[in-house]
Number of protein chains: 2
Amino acid sequence: MSITPVIAIHGGAGTILRASMNPKLEADYRRALQDVLRAGAALLAGGASALDAVTEAVRLLEECALFNAGKGAVYTDAGTHEMDACVMDGATLAAGAVAGVTRVRNPVLAARAVMAHSGHVLMIGPAAQEFVARHGVELVAPDWFATPERHAQWLRARQQAGTGSGAVLLDHDAASLAAPLDPDSKFGTVGAVALDAHGHLAAATSTGGVTNKRVGRVGDSPIVGAGCYANHLVAVSTTGTGEMFMRAVTAHDVCALMEYAGLSLQAATQRVIMDKLPHIGGRGGLIAVDAQGQVALPFNTEGMYRGYARVGGEPVCAIYGADNADPSTAMLGPS
Amino acid sequence: MSITPVIAIHGGAGTILRASMNPKLEADYRRALQDVLRAGAALLAGGASALDAVTEAVRLLEECALFNAGKGAVYTDAGTHEMDACVMDGATLAAGAVAGVTRVRNPVLAARAVMAHSGHVLMIGPAAQEFVARHGVELVAPDWFATPERHAQWLRARQQAGTGSGAVLLDHDAASLAAPLDPDSKFGTVGAVALDAHGHLAAATSTGGVTNKRVGRVGDSPIVGAGCYANHLVAVSTTGTGEMFMRAVTAHDVCALMEYAGLSLQAATQRVIMDKLPHIGGRGGLIAVDAQGQVALPFNTEGMYRGYARVGGEPVCAIYGADNADPSTAMLGPS
C-alpha cells in the first residue's frame, strides 16, 4: 500500500468574529493558508521528509504578518517580542526548541539548529540565539517583528489593563473590533504536521505568545509534549491557552490515548480538545495527522485558521466552525 | 480507609562508584537524605499538603551542597550557574516552573511563586527572577552557588574537552576519581513526590543541569510532563539524561500508562525506566508515589540517591543498586 503524503497547518484559534472580519482580510487569510499548504505539499510530492515539510510550512507562516509568529508576533508588556518554537521528528523522536528569543527571524529554524547541532532539546534566551547564529540562522534587529496592527493591539491591551500590565490579549483580536476586548478569547501560534512518503511523521509549532504577556513567560509551544509532539503513530501541534495545554501535556496525551487506550485519531483528539481541556478551562485547538494519513483539526473555540493538503489534491482551508468546505471528519470543528 | 501520608525523594542518579565513595562521604549522603525525609514526613504528619511537603523537601535538598541544585549546582561552560525547577499540584493540576535562573537561592520557591502569582506555568531568565523577587523569593549573588568540589569538576570537564567547551559532565562525578571521567555517566537533579492525608499528590524537581553545559540549555527538570508531573493518580520526579526524558515525556508517560493502559505503578515505572528510555539511549531514574501510597524508585544506572518515609515510620534510604535495605518493591533498583 503506497502512502499519500499529507500536510496540515494551523494559524491560531480563538474568537474570530465574522463581524470584525472583512472580505478582503478573510481572503488574505485563506490565500495565505492555501499558499503554505501548496508549498508544503509540493515538498512532500518531491520526496521531502515530513520534518522538512513542517519546518518550511512554519517558516512561511512566520514570514506572514497575519499570524502571531515571527513577523507579526505580538508584543510583551515591555513592548518587545519574545518568540518560542519547537520541531520534532516522529521517526527518531529527535526534537529541538527555543524559547524567549528576540532576534531570530525564523524561530522554527532556530529550533531545527538546536536539534541538529546542540546535543540539547531546548535552549533559551540570548544564548540560544547566539548559538543558532553560529550555525547560520539569521538574526534581525528586534524591531523587524513590529507591525502596526500588533502595536495597536498591544496599546489597547495596556489601556484595558489600566496600569499597562497584567492583562494579556491572545492574538486573533480583530483590529476593527470596537467593543471591549475579551482578554481570554484570542489565541496565537502557528503549526504544521505532516506524513511523508516514507511513512514518517513530524510536527512543528511557533508563536509570539500572547499580547501584553509578562517578559519571560513561556507557553506550551516550545514544550515537547505540550505544544508539539510526534512519534511513529501521530504528529500533533496545538494552539490555545498555553498554560492549560502545558498542565494537560496535550500533544503527548493524544499520542498516549491512541497508543495505550486504543483510541482512533478522531476519538483521541476529540477527547483532549472537547473534554479534557475544557474541564480545566483550556480553550483552543490542535492539528494532528496519523501514520495512516488521517487528519484531525478539532478546536473548542469559535474559529481556528486551519487547513490540509494531500499530495495530488487541492488544499482545503477553513476559518470558522460552521463553514467547513469539507464535510469529512478531516475538518472537525466544535461539536 | 485512612491514608498514611508518604514522601519520597531523590538526589540524582548515575555512576556512583563505591571505589570513589569513602565512608565519611557516604554517611554524609545518607544523613542528608534521612534529614530531608524526616522533615518532609513531619510536615505531612502535621497535616501539611503534599504540595508544601515536596516544596520543603526540595528546598532542603537545594540548600545541601552535596546535591546538584541550588547551593552546589554545577557550572556551565561559561563558569556560571543556571538553575531550573518545577512544582506541580496533582489535586488541581496547577504547576509552576522556572528555567535559566542564576540568582534565586531556592529555585523551587521561585517555581511556587510562578504557580501562585504569575498566571503562567513557566517563566525564564532574568525576568523570571525579577518577578519572583517581587513576590518575596530570595535572590543571592551568583557566586553564592559556588563550591570547590563543583568548580574542580568543571575544570576537569573543560580539560577533557580540550577547547574548554563541548563536553558535559553530569553531576555525581566523584571528586576523588582518578580515572578519566565518563561524561555520560553522572547525572544531577533533586526531587520529591508525596501523598498527603487528604489523598492529594504533588511533585517537585530542581537542578543545576549538567557540568559544562552550554549556557541557555534547559533540560527536563522544569518541563511539566518530562521531569515533573502530578495528577489524581500519581506524582513523578525524574533524574537522568534530560534530553531523553524530554523526548519521551517521561513523567506524563508514567501517568498515561497507569490511566490508559491500566498498568500498576510498579509496571508503569519499570516500563519507562527499564524499557522505553534505554531504547532511545536514556539513562537515569525516577521516584513516584500513587494515590494508594505505593512508592517506586526505579533507575537504570549504577546508583541513585533515594529514599522514602511514611508518616509513623522510619526513613528508608539507599544509594547503590544492590544495597537496598528494604526488600519490598518500594526500593526497586536495576533489574
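Preceding block: the structure.
Below, the structure is looked at part by part. Model, not experiment: these values are computed from the prediction.

Thresholds applied
- Numbering of residues begins from 1 in every chain and follows the order in which that chain's sequence is written.
- As a convention, the first chain written is A and the first ligand written is 1, with the rest following in written order.
- This being a predicted model, a pLDDT of at least 70 is required before a residue's local features are given, and a value of 80 or more before pairs of side-chain atoms are given or counted; all residues contribute to the totals for chains, interfaces and linings.
- Just so you know, side-chain values use all the structure's heavy atoms and leave hydrogens and water out.
- Two strands are counted as paired when DSSP detects at least two bridges linking them.
- In this description a helix means any DSSP run of H or I spanning at least four residues, a strand means any run of E spanning at least two, and both kinds are numbered starting from the N terminus.
- Any carboxyl oxygen of Asp or Glu within 4 Å of a side-chain nitrogen of Lys or Arg constitutes a salt bridge here.
- Categorising residues by exposure relies on relative accessible area from a 1.4 Å probe, with only protein chains included: less than 20% of the type maximum marks a residue as buried, more than 50% marks it as exposed, and the intermediate range marks it as partly exposed.
- Here, residues are in contact when the closest pair of their heavy atoms is within 4.5 Å.
- Where helices are involved, their axes are fitted lines through C-alpha atoms of the stretch in contact, as for all axes, and angles between N-to-C directions lie from 0 to 180°.
- Buriedness for pockets is judged along seven lines, at least five of which must meet protein on both sides within 12 Å for an open set on the 1 Å grid over protein atoms alone, while cavities are sets there where a 1.4 Å probe fits but cannot get out, and lining residues have an atom within 4 Å of a point.
- Grid points are joined across faces, edges and corners, and a volume is the space filled by probe spheres set on the points.
- By the convention adopted, Pro, Cys, Tyr, Trp, Phe, Met, Ile, Leu, Val and Ala count as nonpolar, Lys, Arg, Asp and Glu as charged, and the other residues, Gly among them, as polar.
- Roughly parallel covers angles under 35 degrees, roughly antiparallel covers those over 145, roughly perpendicular covers 65 to 115, and oblique covers all other angles.
- By convention, the crossing between two helices is left-handed when the near helix turns anticlockwise from the far helix through less than a right angle, and right-handed when the turn is clockwise.
- Simply put, the buried area is the total loss of 1.4 Å probe accessible area from both parts when two parts are fitted together.
- Two N or O atoms count as a polar contact when they lie within 3.5 Å, although within protein this holds only if one can serve as hydrogen donor and the other as acceptor, and sequence-adjacent residues are included solely when both atoms are side-chain atoms.

Here we take up the sheet that holds strand 7 (residues 217-218) of chain B. If you walk across this open sheet you meet the nine strands as 13(A)-12(A)-1(A)-5(A)-6(A)-2(A)-3(A)-4(A)-7(B), and the pairing is mixed. Either end of the sheet is taken by a strand with one partner, and the two such strands are strand 13 (316-320) of chain A together with strand 7 of chain B. As defined by bridge partners, strand 4 (residues 122-124) of chain A adjoins strand 7 of chain B across two bridges and the pair is classed as antiparallel. Bridge pairing in strand 7 of chain B links Met123(A) to Arg217(B).

Moving on, we come to the pattern of salt bridges. Residue and element names in this part refer to chain A. All chains considered together, the criterion is met by 22 salt bridges over all chains. A salt bridge links Arg217 to Glu243; its shortest N-O distance comes to 2.8 Å. One end of the pair, Arg217, is in strand 7 (residues 217-218); the other, Glu243, is in helix 6 (residues 242-248), with 26 residues separating them in the sequence. The same class applies to Arg217 and to Glu243, which are both buried. Of the charged contacts in the structure, one is a salt bridge between Arg283 and Glu302, with a shortest N-O distance of 3.3 Å. Pair noted here: Arg283 is in the loop between helix 8 (265-279) and strand 10 (284-290) and Glu302 is in the loop between strand 11 (295-296) and strand 12 (303-310), with a separation of 19 residues, a long-range link. Judged by relative accessible area, which is 23%, Arg283 ranks as partly exposed. Shared partners join several salt bridges into a network, and the residues in it are Lys24, Asp28 and Arg31.

All names here are of chain B. The antiparallel open sheet is built from four strands, whose spatial order is 8-9-10-11. Strand pairing shows two members of the sheet lacking a second neighbour, strand 8 (228-230) and strand 11 (295-296), which therefore form its edges. Direction of pairing for strand 8 relative to strand 9 (residues 234-240): antiparallel, over a ladder of three bridges. Within strand 9, the residue paired with Cys228 across the bridge is Ser237. Helix 8 (residues 265-279) rests against strand 9, strand 10 (284-290) and strand 11 of the sheet, and its axis sits at about 165 degrees to strand 10.

Under the defined criterion, the tally for this structure stands at two cavities of 30 Å³ or more. There is about 70 Å³ of room inside the second largest cavity. Here the lining of the second largest cavity is composed, by residue class, of two nonpolar, nine polar and two charged.

Bringing the packing of helix 1 (residues 23-45) of chain B against helix 2 (residues 50-63) of chain B into the picture now. Geometry of a packed helix pair, given as the angle between the helix axes and the separation of the axes. Residues and elements named next belong to chain B. Where helix 1 meets helix 2, the axes come as close as 9 Å, and the angle between the chain directions of the two elements is 160 degrees. One way to sum up the angle between helix 1 and helix 2 is to call them roughly antiparallel. Crossing handedness for the pair helix 1 and helix 2: right-handed. Where helix 1 approaches helix 2, its residues Val36, Ala39, Gly40, Leu43 and Leu44 are matched on the opposing element by Ala50, Asp52, Ala53, Glu56, Ala57, Leu60 and Leu61.

With that settled, consider the interface of chain A and chain B. Across the contact, 39 residues belong to chain A and 39 residues belong to chain B. Between chain A and chain B, the buried area comes to about 3300 Å², and carbon and sulfur atoms account for 64% of it. On the surface where chain A and chain B come into contact, there are zero salt bridges. For the pair chain A and chain B, the interface holds 19 residue pairs in polar contact (both at pLDDT 80 or more). Listing elements by their share of the side of chain A that touches chain B, those giving two or more residues are strand 3 (94-101), helix 3 (107-118), strand 4, helix 4 (125-134), strand 7, helix 6 and helix 7 (250-259) of chain A.

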